[in-house]
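# Descriptive analysis of the structure
This is what each chain is made of:
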Amino acid sequence: MFSMPDHKFKYLLPACIIVTVTAGCASNVPELIRKSPAGNIEISEVQKNPEGFIGSSVRWGGNIVAVDNFKTHTLVEILGRPLSESGEPDESAKASGRFLAKVSGFLDPEEYPKGRLLSVTGKLSVNIRKPVGEYLYDYPVIEAEARYLWPEVEPYYP
């Protein structure tokens, strides 16, 4: 009878769990987030020529900075990061600028806390200028068609 040495098994089981969890998470990501729209419009391009990109489809994501609720919609301020092919923001990459995601309805700031990773896809509308400290910043605005709040990854220590 074949038996696996115990020292190898203790690494095999966590690896299988990680693969299973990762595959399960990927299947929950909306297709609009998993698929990048044609072209690769950067946040900085839109800030320089906002009128030239109104109505363009984008898929951006990054770290949540703030959540502001209004009567009919929520504005989520996001510090943009490059996205993987599946649409997940790369938290270790350099920030690519800030943008706002306009989402219909109410988003609870406790469920969308500062720092969490969020990906959004939709069409660009007019920029909004608002302060970051004393600096006036031009925020591209996405009229969100789909969004995905990425699960927090718990560190694994064998």
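Reading the values: rules and limits
Residues numbered from 1 in each chain as written. Predicted model: local features only at pLDDT ≥ 70, side-chain atom pairs only at ≥ 80, totals over all residues. Heavy atoms only, no water. Helix = DSSP H or I, 4+ residues; strand = E, 2+ residues; numbered from the N terminus. Buried < 20%, exposed > 50% of the residue type's maximum accessible area, 1.4 Å probe, protein only. Pairing = 2+ DSSP bridges. Axes fitted to C-alpha atoms, helices over the stretch in contact; angles between N-to-C directions. Contact = heavy atoms within 4.5 Å.

Turning our eyes to something else, we now look at the environment of Gly105. Counting through the fold element by element, Gly105 comes out in the loop between β3 (97–104) and β4 (117–132). Residue Gly105 is classed as partly exposed on the basis of its relative accessible area, which comes to 29%. Spatially, the C-alpha atom of Gly105 lies 5.3 Å from that of Thr72, the residues being 33 residues apart in sequence.

Let's shift gears to the sheet that holds strand β2 (residues 73–81). Across a sheet, strands are paired by hydrogen bonds formed along the backbone, either parallel or antiparallel in direction. Spatially, β1-β2-β3-β5-β4 is the arrangement adopted by the five strands of the closed barrel, whose pairing is mixed. Here the average twist between neighbouring strands, direction ignored, is 45 degrees. Bridging between β4 and strand β5 (residues 135–149) involves 13 bridges; their strand directions are antiparallel. Directly across from Gly122, in β5, lies its bridge partner Ala144.

Turning our eyes to something else, we now look at the side chain of Ser125. Position of Ser125 among the secondary structure elements: in strand β4. The class of Ser125 is buried, set by a relative accessible area of 16%. In this view, Ser125 contacts Ile54, Val141 and Glu143; residues no more than four positions away in its chain are not counted.

In this section: the side chain of Asn127. The residue Asn127 is located in strand β4 in this model. Not counting the four nearest positions on each side in its chain, Asn127 is found in contact with Val46, Gln47, Pro50, Asp138, Tyr139, Pro140 and Val141.

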